Amino acid sequence: MPRGDGRLTHDLDPQRPGPQDACGVFGVWAPGDEVAKLAYFGLYALQHRGQEAAGIAVSDGSGIVVYKDVGLVAQVFDEPTLASLRGHIAIGHTRYSTTGASNWENAQPTLRSTPTGTTVALAHNGNLVNSAELARQLGSDTADPTATTDTALVSSLLVARPDVSVQAAALELLPTLKGAFSFVFMDEDTLYAARDPQGVRPLVLGRLDRGWVVSSENSALDIVGASFVREVEPGELIAIDEHGLRSERFANPQPKGCVFEYVYLARPDATIAGRNVHAARVDIGRKLAREHPAEADLVIPSPESGTPAAIGYAEASGIPYGVGLVKNAYVGRTFIQPSQTIRQLGVRLKLNPLRDVIRGKRIVVVDDSIVRGNTQRAIVRMLREAGAVEVHVRISSPPVKWPCFYGIDFATRAELIANGLDVDGVRRSLGADSLGYVSISGLIAATEQPSNRLCRACYDGEYPIPLPAGDLIGKHVLEGLSKRQRAAAVSEGEHAVAAGAGAPSDVAQTAPVGDAAEQLSGTADGTVLTLQPAREGLSSSGAAPGEAPDEASRASLRH
């Protein structure tokens, strides 16, 4: 049922959002602890990295349970649900879609089984660029063309070799993956973590009194009481089980961490490559003030993403810092579509000026980035209406001119305002008195990382991981391939269900009908579901072919 999800972002127009966060992943191995609750609190700390869907997989050593749904972490899980997820290993995920549509079927963790009975659950932060190639391999080798996300592809490929262990399969598969990936995955007994050779997306390792934690950011370690050990190295695979922690290299490291993590994606209290993110953002503001000074009376942030840089700008410039815009934190996406007139005033749903602070002042307003320009244009207009004499816009990142293919869902290149206009053209479009972006060199200096260890492709178009040509890349590339593959599979009678008939994508659907096909059956209250041998002609959802699974089927899957 459609419902408002309370998504917390600074987008002013939900139909034309700004840069969307990469996903968040969390994993815990802790016998004797309530691992589902630890995963819940870890995901809560990572909510800023994805607000479309959330899920947790738990193993008790004999089977894996996945519970997931669309919405925020606190909406998907409640106390009874978490209490039912018992085990000693858990992985979790908060999703923003970068490959595949935003729907329940594509929520994570994914779940796949080998013909010999081993089950694998996997969660992914990042985005692969050779998904089309992997999909063709999957379609021909495993007769499982149902996956429409790169995460589902990886899950299916991990179980495609039933003759080898999950760890051995991972060591064979990971070197063939191109793009950004920070994985946490698990079988019934072992927690795994892996990071691409470039280390584009962050991933850290933490220690509990009785176990281990892996997480997208160290902020989530703090909330569950884990101590930071180190980052998972680029090109490293970690395995954790009753025998301890093991580490293997599957590729030589070639670090290219995402510089936009420092600008916007990571929480301010996160630390990346030894650099505190809040400190980096304040320093970016200082450099911005030196590079683009302004004669002004007050420095204000665009809340909250511009706050640290605004503090730094005020500090370096000597201009007083103040709060000029108040944000309503409880307004997010809505399923009630506003009229055009109301949409034009929609900025006031999220931001409102403090008129007594702004009136008669020359204002410097600091934000993290400009994508299409809609947000900044509305803010400039609002400040002028509130009585600002001058409005000077300062941006704590360089002009975004190129899309990201490694896990951030920017606008298309044609929609990026800095791609079609020079700085003065953007300034005129915003209606500002002046506009200044921090330089790439200034941004890099604030991260305290060597420039050759950072990916800055969204600014300079230099992609460190080669991209495929033409239509073999993009958010929905797998859906186009999958439709063609599914049609071929169904016509050959190889599958009981085609994706789109409503079967959950997390149930293994590669077996011929009447052989090892499975269906879901419910308990008396219909809330917990188990997989049992299917009767011929039934889909994996327990519904007849062509029928959608019920809400209970969508919420919980057990292998």
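Scroll up to find the structure.
Before going into details, it helps to say that this report is about the structure given with it.

Cut-offs used in this document
Residues numbered from 1 in each chain as written. Predicted model: local features only at pLDDT ≥ 70, side-chain atom pairs only at ≥ 80, totals over all residues. Heavy atoms only, no water. Phe/Tyr/Trp six-rings, centres within 6.5 Å; stacked < 30°, edge-to-face > 60°. Buried < 20%, exposed > 50% of the residue type's maximum accessible area, 1.4 Å probe, protein only. Helix = DSSP H or I, 4+ residues; strand = E, 2+ residues; numbered from the N terminus. Polar contact = N/O pair within 3.5 Å; in protein donor to acceptor, adjacent residues only side chain to side chain. Contact = heavy atoms within 4.5 Å. Salt bridge = Lys/Arg side-chain N within 4 Å of Asp/Glu carboxyl O. Pairing = 2+ DSSP bridges. Axes fitted to C-alpha atoms, helices over the stretch in contact; angles between N-to-C directions.

### As for the packing of aromatic side chains
Here's step 1: Tallied over the entire structure, the rule returns 10 aromatic pairs.
Here's step 2: Between Phe 185 and Tyr 192, the aromatic rings sit 4.9 Å apart at their centres with planes inclined by 15°, giving stacked as the arrangement. Comparing Phe 185 with Tyr 192, the two get one shared label, buried.
Here's step 3: Consider the rings of Phe 260 and Tyr 264, whose centres lie 6.0 Å apart with planes at 50°: the pair is tilted. Here Tyr 264 and Phe 260 lie together in helix H8 (residues 260–265), a separation of four residues that amounts to about one turn.

### Quick word on the side chain of Glu 188
Here's step 1: Tracing the backbone through its elements, the reader meets Glu 188 in the loop between strand E7 (179–186) and strand E8 (191–195).
Here's step 2: Looking at Glu 188, the relative accessible area reads 11%, which means it is buried.
Here's step 3: At a separation of 3.1 Å, a polar atom in the side chain of Glu 188 contacts the main-chain amide nitrogen of Thr 119.
Here's step 4: The residues contacting Glu 188, other than those within four sequence positions of it, are Ser 59, Gly 61, Ser 62, Gly 63, Ile 64, His 88, Ile 89, Gly 117, Thr 118 and Thr 119.

### Points about the pattern of salt bridges
Here's step 1: This structure, assessed with the given rule, holds 25 salt bridges.
Here's step 2: The residue Arg 49 makes a salt bridge to Glu 217 at a minimum N-O spacing of 2.6 Å. With Arg 49 in the loop between helix H1 (35–45) and strand E2 (53–59) and Glu 217 in the loop between strand E10 (211–215) and helix H7 (218–223), this pair connects stretches of sequence that are 168 residues apart.
Here's step 3: For Arg 49, a relative accessible area of 0% gives the class buried.
Here's step 4: Put simply, Arg 427 and Asp 424 hold a salt bridge, and the shortest N to O gap is 2.8 Å. Of this pair, Arg 427 and Asp 424 both sit in helix H16 (residues 423–430), three residues apart, which is roughly one turn of that helix.
Here's step 5: Under the relative-accessibility criterion, Arg 427 is labelled partly exposed at 21%.
Here's step 6: Relative accessible area serves as the criterion here: at 36%, Asp 424 is assigned to the partly exposed category.
Here's step 7: By sharing partners, the salt bridges in this structure join Arg 275, Asp 283, Arg 286, Lys 287, Glu 315 and Glu 448 into a single network.

### Details of helix H10 (residues 307–317)
Here's step 1: When H10 is considered as a whole, its buried residues turn out to be Pro 308, Ala 309, Ala 310, Gly 312, Tyr 313 and Ala 314.
Here's step 2: Where H10 is buried, its residues contact helix H9 (277–291), strand E17 (298–301), strand E20 (362–367) and strand E21 (390–395).
Here's step 3: Two residues or fewer past H10, Gly 318 is found with a positive phi of approximately 80°.

### Observations regarding the pairing of strand E5 (residues 110–113)
Here's step 1: Alternating residues of E5 divide into Thr 110 and Arg 112 and Leu 111 and Ser 113, and every residue in both groups is buried.
Here's step 2: Bridge count for E5 against strand E6 (residues 119–128) is four bridges, and the pairing is antiparallel. Its bridge partner being in E6, Ser 113 is matched across the sheet by Thr 119.

### Some remarks on the sheet that holds E17
Here's step 1: A sheet is described by the order of its strands in space; here four strands give the open sequence E17-E20-E21-E22, paired in parallel fashion. Strands at the two margins of the open sheet, each flanked by one partner only, are E17 and strand E22 (434–437). Going from strand to strand, the sheet's axes swing by 20° on average, the running direction of each strand aside.
Here's step 2: Two strands pair when backbone bridges link them, and E20 and E21 are joined in this way by six bridges, in the parallel orientation. Of the residues in E21, the one forming a bridge with Val 366 is Arg 394.
Here's step 3: In this fold H10 packs onto E17, E20 and E21, with an angle of close to 165° to the strand it touches most, E17.

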